[in-house]
Amino acid sequence: MASGSDGPDRSETPKHTNRLSKEKSSYLLQHAHNPVDWYPWGQEAFDKAKSEDKPIFLSVGYSTCHWCHVMERESFEDEEVGKILSKNFVCIKVDREERPDVDKVYMTFVQATSGGGGWPMSVWLTPDLKPFIGGTYFPPRDSGRRPGLKTVLLRIIEQVRAEKNSYFKLVLEALRKGTEISASPGETLPSGPDVANRCYQQLAHSYEEEYGGFREAPKFPSPVNLMFLMSFWAVNRASSEGAEALRMVLHTLRMMAQGGIHDHVAQGFHRYSTDSSWHVPHFEKMLYDQGQLAVTYITAYQVSGERIFADVARDVLLYVSRDLSDMSGGFYSAEDADSFPTVESIEKREGAFCVWTAGEIRELLPDIVKGATGAITQANIFMHHYGVKEQGNVDPAQDPHGELQGQNVLIVRYSVELTAAHFGISVDRLSELLSDARAKLAEVRRARPPPHLDTKMLASWNGLMLSGFARVGAVLGDKALLERAERAACFLREHLWDEEGQRILHSCYRGDNMEVDASPIAGFLDDYAFVVCGLLDLFEATQRVHWLQWAEELQLRQDQLFWDSQGSGYFCSDPSDPTLLLALKQDQDGAEPSANSVSAMNLLRLSHHTGRQDWIQRSQQLLTAFSDRLIKVPVALPDMVRSVMAQHYTLKQVTIVICGQPDAEDTASLISCVNSLFLPHKVLMLADGNTEGFLYQRLPILSTLVSQDGKATAYVCENFACALPVTCPQELRRLLLE
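Residues numbered from 1 in each chain as written. Predicted model: local features only at pLDDT ≥ 70, side-chain atom pairs only at ≥ 80, totals over all residues. Heavy atoms only, no water.

What is the right way to look at the overall build of the protein in this model?
In terms of regular secondary structure, the protein is built from 27 helices and 21 strands. The globule rule puts the C-alpha radius of gyration for 738 residues at 27 Å, and the 27 Å found for the protein is close to it. Taken over the C-alpha atoms alone, the protein extends approximately 85 × 75 × 50 Å along its principal axes. In the protein, 69% of the contacts between residues at least 6 apart in sequence involve partners at least 24 apart. The protein carries 72 positive and 97 negative side-chain charges, and their two centres are separated by 3 Å. (Helix = DSSP H or I, 4+ residues; strand = E, 2+ residues; numbered from the N terminus. Rg over C-alpha atoms; globule rule 2.2 N^0.38 Å. Contact = heavy atoms within 4.5 Å. Lys, Arg positive; Asp, Glu negative; His and termini not counted. Charge placed at Lys NZ, Arg CZ, Asp CG, Glu CD.)

Okay, here's the thing in structure tokens:
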């Protein structure tokens, strides 16, 4: 897949080949044979623009972006458009997942000047990289009041000689002021309860009662919102607001699990739902969603005890292990939404890999079910349970291009109890029939032309997925999941850590012979923050100290590279990079949490694990820099609000002093007790008595904690004071829930 291939070759020798053919990014390789003289982002393109005094056309997207494919097909494969672009502009293609720093700068411009944003992103720049026009998708020709790409290009060519320098300066100065985030002198940390209550109220106001989620449509999973609400519940269990927060989360997660956004045949979650009922998804699957949703569902299991949430978390990890895993231990980035309906097809369709006709279901599941009411087939039961209709179950409003006509997106319409009762069979028998049917459908799907797989492996998203495996493995006590988490951490250390330069690398790729091919792109703030978080989760799950030591090492490097010593907080990328016009700090938790949000909690956790008090202060300084946003619009930063809450409520340090082997039964019982609970403000460590080891050297207090009566003993400490030691899991549970 690293060659950009989507399956069998459906074309002759390419008529055109440009510089992108030498790149590693799947997205750039997809454009290597456009009739456009594309350049990758870099000095060669910048020098050409300056020497020829030509404006730059910057096009940004990613390999599984549906509308990026549409714009390529309509415009970038068009010979006439290709000639206009190549003759009059220096054309640069950027993979937003490979260069998030470039994407953030110009997306900030597009959002500020057009009121919206998204991908594909199209921006026109001066030769010195200053933007003057920007937008997203442009149709090839004029459509109603929307100008086509050709029209826009010709207008820019006519006006490009006009003097615009003063305009550029004004725009950039306005952007700098509008994006500046810093702590004012004397400013203090905002109140944790006040910020949390306001964030809760803002989320409750946008909550959609019938199907859950926080808008009508399209609906995104939004793990950052759900994790905040569970943290809010954890400190407000006795209040009506706390109960309502938990109700919103559990209802949303149930609806998502039953909906078409959840792949009932091949596991995992699609990107988002185009409708309010989570039914018809945008079919791409992204690694960052899987990592966060695994954590969200296992947390819902901790707070509710309902097995369905643990099952969904396992389901997500099964999908990632099977379909997004590299033999090196790393995780691939994404699967495309579009694929060929059949091996003979020459045109891709969105969702073709995932949808079913009623006829296909009946042909696959023809057997009569013994004991059911009437002459009922397995197909009858399956179609009833998953909402399959003869004419297809996709509303035309969710299918603007007619690609899903006559097709069915599976969605759970009834509980297993209701379906079983409807057909007069037991729940166990129904579950067996549905499981067997899903396995048969999965086998058929494996024979279909698969969607494009983006085999780029990003440090940041691998960090999120590392957290997923570590957290689920710890809660369920599943050694296989923890082993997979450790393989992922070893992959990050081996392939995305430059030991000599002491830096994380942002990405690597699967080569033609399955080897791992690293990119020289230096890591960004997201890479450090998400990997540090993953390593802390892995340390708490395995208690292997070398993962904590590496997390500390990475945090120190992150501080050196990205910390703003003047205004506090971290810059998203290297502030000294001359090709970036703005030094940005992301102030929104979106599809992924912002790296500053994650870092605020990382610093707190690390301070408790290493004894470094300066990291508590740094976390407070970071949060203070974002205080204006946190006070006014906390719903924009729900993950950061969790860190403000942790500062207010302080972390509980749970230390288990072991006697004998770390995996002894009494030790395992205490650890299992801690992991069974959702404790948003806790750190966990084992004290093994090795006073020469890393933990004892950093935390001298550990030497004062001793086991009771030769048993594994738990100490719960807060604000440098410890409760009485306990050896009974039930007593430990009571202490932790106080």
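So that's the structure; there's more coming.
In this structure, what is going on with the packing of aromatic side chains? I would like to understand it.
What characterises a pair of aromatic rings is the spacing of the ring centres plus the angle enclosed by the ring planes. For the coordinates displayed, the defined rule picks out 21 aromatic pairs. An angle of 75° between the planes, with centres 6.0 Å apart, marks the rings of Trp497 and Trp550 as edge-to-face. With Trp497 in strand 14 (residues 497-498) and Trp550 in helix 20 (residues 545-562), this residue pair connects regions lying 53 residues apart in the sequence. Note on accessibility: Trp497 and Trp550 belong to one class, buried. Look at Tyr528 and Phe562: their rings are 5.6 Å apart centre to centre, the planes differ by 65°, and that puts the pair in the edge-to-face class. Remark: Phe562 occurs in helix 20 and Tyr528 occurs in helix 19 (residues 525-542); sequence separation between them is 34 residues. Residue Tyr528 is classed as buried on the basis of its relative accessible area, which comes to 1%. (Phe/Tyr/Trp six-rings, centres within 6.5 Å; stacked < 30°, edge-to-face > 60°. Buried < 20%, exposed > 50% of the residue type's maximum accessible area, 1.4 Å probe, protein only.)

It is not clear to me how the pattern of salt bridges should be interpreted in this structure. Could you clarify?
For side chains bearing opposite charge, pairing can occur when the charged atoms are close. Within this structure, the stated rule accounts for 44 salt bridges. The closest approach of N and O atoms between Arg141 and Asp78, which form a salt bridge, is 3.7 Å. On the criterion of sequence distance, the pair formed by Arg141 in the loop between strand 5 (131-135) and helix 6 (149-159) and Asp78 in the loop between helix 3 (66-76) and helix 4 (79-88) is long-range, its members being 63 residues apart. For Arg141, a relative accessible area of 37% corresponds to the partly exposed category. Note that Arg322 is salt-bridged to Asp323, the shortest N-O span being 2.9 Å. When its relative accessible area of 39% is taken as the criterion, Arg322 is described as partly exposed. The class of Asp323 is partly exposed, set by a relative accessible area of 24%. (Salt bridge = Lys/Arg side-chain N within 4 Å of Asp/Glu carboxyl O.)

For this particular structure, what's the right way to read the nonpolar core?
Generally speaking, nonpolar side chains in soluble globular proteins are found buried as a group. Of all hydrophobic cores here, the largest spans 151 residues; its most connected members are Leu85, Trp124, Phe228, Leu229, Tyr297 and Leu535. It is helix 19 that provides the largest number of residues to this core, a total of 12 residues. Summarising the domain contributions, this core has at least three residues from each of domain 1 (19-179) and domain 3 (654-736). In contact with Leu85, other than residues within four places in its own chain, are Val36, Phe57, Phe76, Cys91 and Leu153. (Core = buried A, V, L, I, M, F, W, Y, C linked by side-chain atoms within 4.5 Å. Domains from an automatic or database assignment.)

I tried to follow unusual backbone geometry on my own but got confused; where do I start?
Phi is mostly negative for residues that are not glycine, and the peptide bonds are mostly trans. The omega torsion of the bond from Trp119 to Pro120 falls at 5°, within 30 degrees of zero and hence cis. With respect to the helices and strands, the residue Pro120 is situated in the loop between helix 5 (100-114) and strand 4 (121-125). Residue Ala217 is joined to Pro218 through a cis peptide bond whose omega torsion reads -5°. Inspection of the secondary structure assignment puts Pro218 in the loop between helix 8 (192-206) and helix 9 (223-235). In this structure, Ser568 is a non-glycine residue whose phi angle is positive, near 70°. Among the secondary structure elements, Ser568 is positioned in the loop between helix 20 and helix 21 (595-610).

Before we go on, may I ask you to explain the pairing of strand 2 (residues 56-61) in this structure?
For a regular strand, side chains alternate in direction, first toward one face of the sheet and then toward the other. In terms of residue burial, strand 2 counts as a mostly covered element, since 6 of its 6 residues are buried. Of the two faces of strand 2, the one holding Ile56, Leu58 and Val60 and the one holding Phe57, Ser59 and Gly61 are both buried throughout. Where strand 2 meets strand 3 (residues 90-95), 6 bridges bridge the pair, whose relative direction is parallel. Residue pairing across strands places Ile56 opposite Val90, the latter belonging to strand 3. Bridge count between strand 2 and strand 4: 5 bridges; the pairing is antiparallel. Within strand 4, the position partnered with Phe57 by the bridge is Trp124. (Pairing = 2+ DSSP bridges.)

I tried to follow the domain arrangement of the protein on my own but got confused; where do I start?
Think of interface size as the accessible area that goes away when the parts come together; that is how it is often given. According to the domain assignment, the protein contains domain 1 (19-179), domain 2 (354-447) and domain 3 (654-736). The C-alpha centroid of domain 3 is placed 56 Å from the C-alpha centroid of domain 1.

I would appreciate a short explanation of the sheet that holds strand 20 (residues 713-718) in the present structure.
What holds strands together in a sheet is hydrogen bonding between their backbones, with the strands either parallel or antiparallel. Strands sit in the order 19-18-20-21 across an open sheet of 4 strands; the sheet is mixed. What marks the edges here is a single partner per strand, and that holds for strand 19 (682-687) and strand 21 (721-722).

Got a minute to help me understand the state of the cysteines in this structure?
Structurally, a disulfide amounts to a covalent bond that connects the sulfur atoms of two cysteines. By the definition in use, this model includes 2 disulfides. A sulfur-sulfur separation of 2.0 Å characterises the disulfide bridge that pairs Cys717 with Cys722. Because the sign of the S-S torsion sets the handedness, a value of about 95° for the bond joining Cys717 and Cys722 places this disulfide among the right-handed ones. Residue Cys722 is classed as partly exposed on the basis of its relative accessible area of 34%. Along the protein, the cysteines that take part in disulfide bonds pair up as 1-2, 3-4, counted in sequence order. (Disulfide = S-S within 2.5 Å.)

Would you mind going over the sheet that holds strand 8 (residues 285-286) with me for this structure?
Taken in spatial order, the 3 strands make up an open sheet running 8-9-12, and their pairing is antiparallel. Two strands bound the open sheet, and with one partner strand each, they are strand 8 and strand 12 (453-454). Relative to strand 9 (residues 334-335), strand 8 runs antiparallel, the two being bridged by 2 bridges. Each bridged residue has a counterpart across the sheet, and for Met286 the counterpart in strand 9 is Ala334.

Just to check I follow, could you spell out the packing of helix 4 against helix 6 for this structure?
Angle between the axes and distance between the axes are the two parameters that describe a pair of packed helices. Interhelical geometry of helix 4 versus helix 6 gives an angle of 25° and a closest axis separation of 11 Å. Judged by the inter-axis angle, helix 4 sits roughly parallel to helix 6. Here helix 4 and helix 6 pass one another in a crossing that is left-handed. On helix 6, the residues touching Glu80, Val81, Ile84, Leu85 and Asn88 of helix 4 are Leu149, Lys150, Leu153, Leu154 and Ile157. Grouping the constituent residues of the contact of helix 4 with helix 6 by class yields 7 nonpolar, 1 polar and 2 charged. (Axes fitted to C-alpha atoms, helices over the stretch in contact; angles between N-to-C directions. Parallel < 35°, antiparallel > 145°, perpendicular 65-115°, else oblique. Left-handed = near helix turned anticlockwise from the far one by under 90°. Nonpolar A, V, L, I, M, F, W, Y, C, P; charged D, E, K, R; others polar.)

Help me understand helix 22 (residues 613-625), please; the structure alone is not making it clear to me.
The periodicity of an α-helix, 3.6 residues per turn, causes residues three or four places apart in sequence to face the same way. In this model helix 22 runs 19 Å from its N-terminal to its C-terminal C-alpha over 13 residues, within 8% of the 18 Å that 1.5 Å per residue would give. All of the buried residues in helix 22 are Trp615, Ile616, Ser619, Leu622, Leu623, Thr624 and Ala625. Of the surrounding elements, those touching the buried residues of helix 22 are helix 20, helix 21, helix 23 (627-632) and helix 24 (638-649). (Expected span 1.5 Å × (residues − 1).)

Explain the side chain of Gln302 to me, please; I cannot follow it from the model alone.
Among the structural elements, Gln302 can be located in helix 11 (residues 287-304). In this view, Gln302 contacts Val475, Asn675, Ser676, Leu677 and Phe678; residues no more than four positions away in its chain are not counted.

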